[in-house]
Amino acid sequence: MEHKDHDKYLKAKKKVDELKGFYIHLLVYLGVNIFILANIYLEVRDSDQSFWQAGHFFTLFFWGIGILFHAAYTFEFNPFFGKDWEEKKISKFMEEEKEESNKYQ
């Protein structure tokens, strides 16, 4: 029984480490992007340039895509290949195998 508890502990610890890594990533993302955007704002507020230019938000946008993928991995969100999809495919392949084996009996 101890072996199962140890395995459960290791699995739970891995999940906690993944969550911790995600939250650290998110905090760094927020901190760095606030710093970048604040610096851009301070530079352009006294000039004729507009703050609302696409180039000012590239880091925020593309790093944000990375954050979304990290969140999807951490929180096990997969709209394309979720548990339902896996179960349906397994059932389908098992049924096909059963039909195939019944042909030769």
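Only a predicted model underlies this, so the values are computations on that prediction, with no experimental measurement involved.

Definitions and cut-offs
- Residues numbered from 1 in each chain as written.
- Predicted model: local features only at pLDDT ≥ 70, side-chain atom pairs only at ≥ 80, totals over all residues.
- Heavy atoms only, no water.
- 1 Å grid on protein atoms, 1.4 Å probe; cavity = no way out; pocket = protein on both sides within 12 Å on 5 of 7 lines; lining within 4 Å.
- Points joined across faces, edges and corners; volume = space filled by probe spheres on them.
- Helix = DSSP H or I, 4+ residues; strand = E, 2+ residues; numbered from the N terminus.
- Nonpolar A, V, L, I, M, F, W, Y, C, P; charged D, E, K, R; others polar.
- pLDDT = per-residue confidence, 0-100.

Novice: Hey, could you run me through the layout of surface pockets in this one?
Specialist: A probe as big as a water molecule, rolled over the atoms, marks out the empty space that is left. In this structure, the largest pocket occupies an estimated 160 Å³ of space. Lining the largest pocket are Lys11, Lys14, Lys15, Glu18, Tyr73 and Glu76. For the lining of the largest pocket, the element with the most residues is helix 1 (residues 2-44), which contributes four residues. Classifying every residue of the lining of the largest pocket gives one nonpolar, no polar and five charged.

Novice: Even after reading the chapter, I still don't get the confidence of the model for the protein chain, so can you show me in this structure?
Specialist: Low pLDDT marks stretches whose predicted atomic positions should not be read closely. Looking at the protein chain, pLDDT values average 90 and 98% of them are 70 or higher. Ranking the elements of the protein chain by mean pLDDT puts helix 3 (residues 83-103) last, at 84, and helix 2 (residues 58-74) first, at 96.

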